[in-house]
Amino acid sequence: MRKYLSLIKNYIIFTFEFVSYLLFKQPSVKGYQSMINLFCLTGGASNDFFSKVISMFNYKKNANVESNLFGVQRSGDLDEIVEDINENGFHISKYRLPDKIIQEIVRFSKENKAKIRLMDDEIKLGKSEKGLAYFDAENLQAIRYDYMESDLINNKIVQDLMGDEFFVEIANRYLNSNPIIDITALWWHTNYSKNPDDNAATMYHFDMDRIKWLKVFIYITDVGPDNGPHCYVKGTNRTGSIPQGLLKKGYQRLTDDEVCMCYNSKDILEFAAPRGTIIFEDTRGLHKGKHVLNNPRLIFQLEFTNSLFGSKIKDPILKSVSSNSLKSAFRKYNKLLNYYI
Ligand SMILES: O=C(O)CCC(=O)C(=O)O
């Protein structure tokens with residue numbers, strides 16, 4: 001009975017806050033919290049339902065992929081990829097990011113400072129932020145270093161990736177909705193500490209910042225079993241696939257043991273793979289970056305979403321678009337840059 005009352009209450013709050021977001025474009029903490037509560041109560045059915053509603057208003061017909069770094073043209077190839085993501089929660093592309101672009105991103109990582117992310121112990125002790133630093137693998141200060149989104153999105157090569165129609169059209173088809181890029185990220189994971197860390201995302205979790213989204217992860221360094229391979233529990237993108245016992249904990253990190261107890265070991269996957277590897281993933285499913293034991297891992301990420309409702313909008317500023325790919329993708333997918341402009 002309590003569960004039903006909670007469901008009704010959260011559906012009412014969500015609907016009210018969502019409509020008010022559509023009218024006033026103001027993020028709502030209450031609305032965001034109700035979305036998380038509903039996910040935990042319904043096992044994801046609420047997200048499916050609201051995504052269908054969004055698709056009705058924000059639908060974009062499948063488009064041909066005209067320009068991309070990978071030479072993918074066939075619509076059927078894209079549909080197979082989307083089917084794989086729907087079925088398993090992820091797809092590892094047979095295409096890899098060209099070396100020339102990897103080198104440019106590595107260059108970016110040397111020329112720009114990154115934010116040193118506080119670790120769990122430091123947060124508990126109330127330590128203040130460590131600020132920005134050039135990444136120095138010989139003089140580590142944390143597990144995770146995040147490059148600034150405002151530096152990334154104003155870089156021409158990063159813009160080429162943001163506007164690559166291979167990514168954008170897969171997002172369009174997966175979301176069944178005109179896609180919006182709401183995260184552009186690049187970070188290092190290192191072996192600074194012996195233990196996995198909640199705040200560095202090296203423990204299992206599901207994401208729940210938006211109603212529906214698709215992430216594209218790209219390895220910029222080679223990733224072996226000791227360099228923090230990205231991990232995913234196959235099929236946990238599907239509604240009802242995360243047991244109530246885990247969802248009851250709420251929006252929390254989970255230990256490996258907790259996850260191992262609920263799933264068959266053949267479904268708990270680690271993606272050790274060479275640099276340039278591209279992983280499409282619905283991170284509504286359980287995932288983590290495995291704790292790094294050896295050389296650090298550099299990873300690039302884009303996130304496409306069907307709505308900016310949810311977590312607070314930080315709005316990094318896109319000063320200008322110098323990439324022709326991004327310009328042309330923006331003409332075709334007219335909401336693509338709504339988060340940044
Ligand atoms: O680093 C990874 O492989 C996963 C990161 C992640 O899950 C996150 O940032 O939420």
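Within every chain, residues take consecutive numbers counted from 1 along the sequence as written. Restriction of local features to residues with pLDDT of at least 70 applies here, the model being predicted, together with a cutoff of 80 or more for giving and counting side-chain atom pairs; totals for whole chains, interfaces and linings are based on all residues. To obtain the side-chain values, all non-hydrogen atoms of the structure were used and water was disregarded.

Asker: How should the sheet that holds strand β6 (residues 213–219) be read in this particular structure?
Answerer: Working definition: the strands of a sheet are paired by backbone hydrogen bonds and lie parallel or antiparallel to each other. Strand order in the open sheet made by the eight strands is β1-β9-β6-β11-β5-β4-β2-β3, with antiparallel pairing throughout. On the outer flanks of this sheet lie β1 (90–96) and β3 (132–133), each paired with one strand and no other. When DSSP finds two or more bridges between two strands, those strands count as paired. In this description a helix means any DSSP run of H or I spanning at least four residues, a strand means any run of E spanning at least two, and both kinds are numbered starting from the N terminus. For strand β2 (residues 114–116) and β3, the ladder comprises two bridges, and the chain directions are antiparallel. Along β3, the bridge assignment pairs lysine 115 with leucine 132. The contact criterion used throughout is that any non-hydrogen atoms of two residues lie within 4.5 Å. Axis geometry follows a simple rule: fit a line to the C-alpha atoms, using only the stretch in contact for helices, then measure angles between N-to-C directions, giving values from 0 to 180 degrees. Docked against the sheet, helix α5 (residues 99–111) engages β4 (144–147), β5 (180–189) and β11 (297–305), running at close to 70° with respect to β5. Against the sheet, helix α9 (residues 165–175) makes contact with β1, β6, β9 (277–281) and β11, and its axis sits at roughly 150° relative to β6, the strand it touches most.

Asker: Before we go on, may I ask you to explain the packing of helix α4 (residues 75–88) against α9 in this structure?
Answerer: Between two packed helices, the angle of one axis relative to the other and the distance separating the axes together describe the packing. Two elements in contact, α4 and α9, have axes whose closest approach is 10 Å; the angle formed by their N-to-C orientations is 55°. As judged from the angle between their axes, α4 and α9 are oblique. Considering how the two elements wind past one another, α4 and α9 form a crossing that is right-handed. Facing Ser75, Leu78, Asp79, Ile81, Val82, Ile85 and Asn86 of α4, the residues of α9 in contact are Phe166, Glu169, Ile170, Arg173 and Tyr174. The class makeup of the residues in the contact of α4 with α9 is seven nonpolar, two polar and three charged. Every angle not falling under 35 degrees, over 145, or within 65 to 115 is termed oblique; those three ranges are roughly parallel, roughly antiparallel and roughly perpendicular. The sense of a crossing depends on the near helix, which, turned anticlockwise from the far helix by less than a right angle, makes the crossing left-handed and, turned clockwise, makes it right-handed. Classes in brief: Ala, Val, Leu, Ile, Met, Phe, Trp, Tyr, Cys and Pro nonpolar; Asp, Glu, Lys and Arg charged; the others, Gly included, polar.

Asker: Can you walk me through the state of the cysteines in this structure?
Answerer: The bond known as a disulfide is covalent and runs between the sulfur atoms of two cysteines. Two cysteine sulfurs form a disulfide in these notes if their separation is within 2.5 Å. Within this structure, the stated rule accounts for zero disulfides. Of all cysteine sulfurs, the one in cysteine 262 lies closest to cysteine 40, which takes part in no disulfide; the gap is 14 Å. Burial classes follow relative accessibility: with a 1.4 Å probe on protein chains only, a residue under 20% of its type's maximum area counts as buried, one over 50% as exposed, and anything between as partly exposed. Judged by relative accessible area, which is 11%, cysteine 40 ranks as buried.

Asker: Explain the packing of aromatic side chains here, please?
Answerer: Under the pairing criterion, centres of Phe, Tyr and Trp rings, with the six-membered ring standing for Trp, must be within 6.5 Å; the plane angle then separates stacked pairs below 30 degrees from edge-to-face pairs above 60, leaving the rest tilted. Overall, the coordinates contain 22 aromatic pairs when judged by the stated rule. Each ring, one from phenylalanine 135 and one from tyrosine 145, has its centre 5.0 Å from the other, and the planes form 85°; the classification is edge-to-face. With a gap of 10 residues between them, phenylalanine 135 in the loop between β3 and β4 and tyrosine 145 in strand β4 connect regions that are remote in the sequence. Given a relative accessible area of 16%, phenylalanine 135 falls into the buried group. Between phenylalanine 167 and phenylalanine 280 the ring centres are 6.0 Å apart and the planes differ by 65°, which places this aromatic pair in the edge-to-face class. Linking phenylalanine 167 in helix α9 with phenylalanine 280 in strand β9, this pair joins segments that are 113 residues apart in sequence. Each member of the pair, phenylalanine 167 as well as phenylalanine 280, is classed as buried.

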